[in-house]
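Single-letter residue listing:
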Amino acid sequence: MKKILFLTGDFAEDYETMVPFQMLEMVGFEVHAVCPGKKKGETIKTAIHDFEGDQTYTEKPGHNFTLNYSFEDVKPEDYVGIAIAGGRAPEYLRLNEKVLEIVRHFFDKNKPVAAVCHGIQILTAAGVVKGRKLTAYPAVGPEVKIAGGEFQNIPATDAYVDGNLVTSPAWPGHAAWIREFLKVLGVRIEI
């Protein structure tokens, strides 16, 4: 069974953790959900981000999500791709050098990478977006530009694909970015 590495953490966005994890498992991947400093069987707390007409998203308590693999056991060469959840977690996960090394591995080996919302903050910190076209939550757009990427301002329901990289602005784009990530992974779903 092919393995996907799924990076999340405390106060990652609830939908951006639960939905991709379940969808990737649904199509047959073995998905290892990990968080630095946590082991298999431990939980992270998620946050629900919603768009309710304010100048930015609102934040509410989400669910406890059980990690199914220990971060310390991750060997990037064992995975065919990586998916990165958004929310609050990326702002501190990007401070972890091993996280950045793992992300660089996927870019160096041209393996499929998917990131949603604030998950792109990990990509900018890893120094892998220079010359790439990608999207993110609009508040992360300036970081993409500073890191040398070409920010694509697209609707929250859409995804942007640049080679092996699939990005989306927020959870309303799940259907689009998961579909595109599956294509990049070589998965074909026939109806």
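Residues numbered from 1 in each chain as written. Predicted model: local features only at pLDDT ≥ 70, side-chain atom pairs only at ≥ 80, totals over all residues. Heavy atoms only, no water.

K.L.:
So what exactly am I meant to see when it comes to the side chain of R132 here?
P.N.:
Structurally, the position occupied by R132 is in the loop between helix 4 (120-126) and strand 8 (133-134). If near-sequence neighbours (up to four positions away) are discounted, R132 is found in contact with F107, G149, E150, D162, G163, N164 and L165. (Helix = DSSP H or I, 4+ residues; strand = E, 2+ residues; numbered from the N terminus. Contact = heavy atoms within 4.5 Å.)

K.L.:
Explain the packing of aromatic side chains here, please?
P.N.:
Ring pairs (aromatic) are described by centroid distance and by the angle formed between their planes. Counted by the stated rule, this structure contains seven aromatic pairs. An angle of 85° between the planes, with centres 4.7 Å apart, marks the rings of Y15 and W171 as edge-to-face. With Y15 in helix 1 (residues 14-26) and W171 in the loop between strand 11 (165-168) and helix 6 (174-185), this residue pair connects regions lying 156 residues apart in the sequence. The class of Y15 is partly exposed, set by a relative accessible area of 37%. Taken together through their ring pairs, the aromatic side chains of Y15, F51, Y57, Y137 and W171 make up a single cluster. Above the ring of F71, the side-chain terminus of K98 is found at 5.1 Å from the ring centroid. The ring of F106 has K111 sitting right over it, with the charged end atom 5.2 Å from the ring centre. (Phe/Tyr/Trp six-rings, centres within 6.5 Å; stacked < 30°, edge-to-face > 60°. Buried < 20%, exposed > 50% of the residue type's maximum accessible area, 1.4 Å probe, protein only. Lys NZ or Arg CZ within 6 Å of the ring centre and 35° of its normal.)

K.L.:
Where do I start with the sheet that holds strand 1 (residues 3-7) in this structure?
P.N.:
The strands that make up a sheet are held in pairs by hydrogen bonds between backbone atoms, and each pair lies either parallel or antiparallel. Pairing in this open sheet of six strands is mixed, and the strands run 3-1-6-7-11-10 from one edge to the other. One side of each edge strand has no neighbouring strand; the edge strands of this open sheet are strand 3 (30-34) and strand 10 (160-162). Across the sheet, the mean angle separating the axes of adjacent strands is 15° when strand polarity is ignored. Bridging between strand 6 (residues 81-84) and strand 7 (residues 113-116) involves three bridges; their strand directions are parallel. Counted as the bridge partner of A83 is A114 from strand 7. (Pairing = 2+ DSSP bridges. Axes fitted to C-alpha atoms, helices over the stretch in contact; angles between N-to-C directions.)

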